[in-house]
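Structural overview for review
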Amino acid sequence: TWSALREIDPAPLVQACGNGPMVAAHGGRLFVTFETYKHFDDPAPWSARSALIASDDGGRTWQPPRIVAGDPAHFRHYWDQHLHQLSDGTLVDMMWRDDRREVGRSDICAVRSSDGGRTWSEPAATGIAGQYSTLIERANGQCVLVYVRRGREPSIRLRLLEPGLRHWGDRDHLVLYGQSLDDVARFEGASFTQYLTGMVDWTFGWPTLLELPGNELLVSYYVGGSERSSIHFARVRL
């Protein structure tokens, strides 16, 4: 049985767009992550900001939301965050960043908290050029990052990282998917508005992964075209 559907109120933030799954942290605190923008008819400058909201009573009540990555000058946009908790309790929130002054260049960033989400670091670039990303911490402490590189060698890539995620590595270990169609190349020299509008035509992405027994991972992602899309799976032996 299920309760009635109930909205989580993000006020005073508006236009909430959910990012990634709810995370149940150590101690029982629940986190929901989302992007926030501005009211549709607001003529002021805008940017996509990464925010989260927490509950300590199983979702019956929610604390005031907080923005963990944003740009008051509205040049930088933060998208598609995924929150993860490591075995030592550290919370790591992954997201990707666009800058309207450099159309088509995207960087994967992270913020982290070592006190259960009460305080957060400033967004820090990982040094990885890409967009949507997610990761898992394996039973042995090693972390596995899967991410999308949408322009310049369009692909979905896997990178093995050291425990603790203090270093993001300098190479990918596997290309899970690749294609010749570059979803962002046609927007070089275009306006940021044109680039945003072109996102509706992006043709692959949204990977997710699970650790399986026997030193394996299961990865899923979508691949599409002009009239259809499908979900693909890959089993990866590490």
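Small disclaimer: the values here were computed from a predicted structure and weren't measured.

**Brief notes about the sheet that holds strand β11 (residues 155-161)**
With antiparallel pairing, four strands are arranged side by side in an open sheet as β9-β10-β11-β12. The open sheet has two edge strands with one neighbour each: β9 (133-137) and β12 (174-178). Going across the sheet, the axis of each strand differs from the next one's by a mean of 15°, ignoring polarity.

**Overview of the nonpolar core**
Note on soluble globular proteins: their nonpolar side chains tend to be buried together. Grouped together as the largest cluster of nonpolar side chains are 25 residues, with contacts concentrated most on I156 and L176. Those elements giving two or more residues to this core turn out to be β10 (143-149), β11, β12, α1 (192-198), β13 (204-212), β14 (216-224) and β15 (229-237). In this structure L176 touches V146, I156, L158, V219, Y221, A234 and V236, once residues within four positions along its chain are discounted. Among the nonpolar cores identified, the runner-up in size contains 14 residues, and L52, A69, L83 and W120 belong to it.

**Some points on the pairing of strand β5 (residues 76-85)**
The buried count for β5 comes to eight of 10 residues, which makes it a mostly enclosed element. Pairing of β5 with strand β6 (residues 91-99), which is carried by eight bridges, proceeds in the antiparallel orientation. Following the sheet pairing, W79 is matched in β6 by W96. Linking two consecutive strands that pair antiparallel, namely β5 and β6, is a turn of five residues; a positive phi of about 95° is found at G89 within it.

**Points about the pattern of salt bridges**
With the rule as written, the count across this model stands at 15 salt bridges. Linking D183 and R150 is a salt bridge whose minimum nitrogen-to-oxygen distance equals 3.0 Å. With a gap of 33 residues between them, D183 in the loop between β12 and α1 and R150 in the loop between β10 and β11 connect regions that are remote in the sequence. Residue D183 is classed as buried on the basis of its relative accessible area, which comes to 4%. Of the charged contacts in the structure, one is a salt bridge between E216 and R237, with a shortest N-O distance of 3.1 Å. One end of the pair, E216, is in strand β14; the other, R237, is in strand β15, with 21 residues separating them in the sequence. When its relative accessible area of 12% is taken as the criterion, E216 is described as buried. In this structure R237 comes out as exposed when scored by relative accessible area, which is 61%. Via salt bridges that share partners, R149, E153, R157, R159 and D172 belong to a single interconnected network.

**Here we look at the state of the cysteines**
This model, assessed by the stated rule, comprises zero disulfides. Between C109, a cysteine without a disulfide, and C143, which holds the nearest cysteine sulfur, the sulfur-to-sulfur distance is 18 Å.

**Comments concerning the side chain of K38**
Mapped onto the fold, K38 is located in the loop between β2 (30-36) and β3 (49-55). Buried charge without a salt bridge: K38, with D42 as the nearest opposite-charge side chain at an N-O distance of 4.7 Å. There is a polar contact of 2.5 Å between the side chain of K38 and the backbone oxygen of D42. Within polar-contact distance, the side chain of K38 engages the backbone oxygen of A44 at 2.2 Å.

The rules behind these values
- Residues numbered from 1 in each chain as written.
- Predicted model: local features only at pLDDT ≥ 70, side-chain atom pairs only at ≥ 80, totals over all residues.
- Heavy atoms only, no water.
- Pairing = 2+ DSSP bridges.
- Helix = DSSP H or I, 4+ residues; strand = E, 2+ residues; numbered from the N terminus.
- Axes fitted to C-alpha atoms, helices over the stretch in contact; angles between N-to-C directions.
- Core = buried A, V, L, I, M, F, W, Y, C linked by side-chain atoms within 4.5 Å.
- Buried < 20%, exposed > 50% of the residue type's maximum accessible area, 1.4 Å probe, protein only.
- Contact = heavy atoms within 4.5 Å.
- Salt bridge = Lys/Arg side-chain N within 4 Å of Asp/Glu carboxyl O.
- Disulfide = S-S within 2.5 Å.
- Lys, Arg positive; Asp, Glu negative; His and termini not counted.
- Polar contact = N/O pair within 3.5 Å; in protein donor to acceptor, adjacent residues only side chain to side chain.

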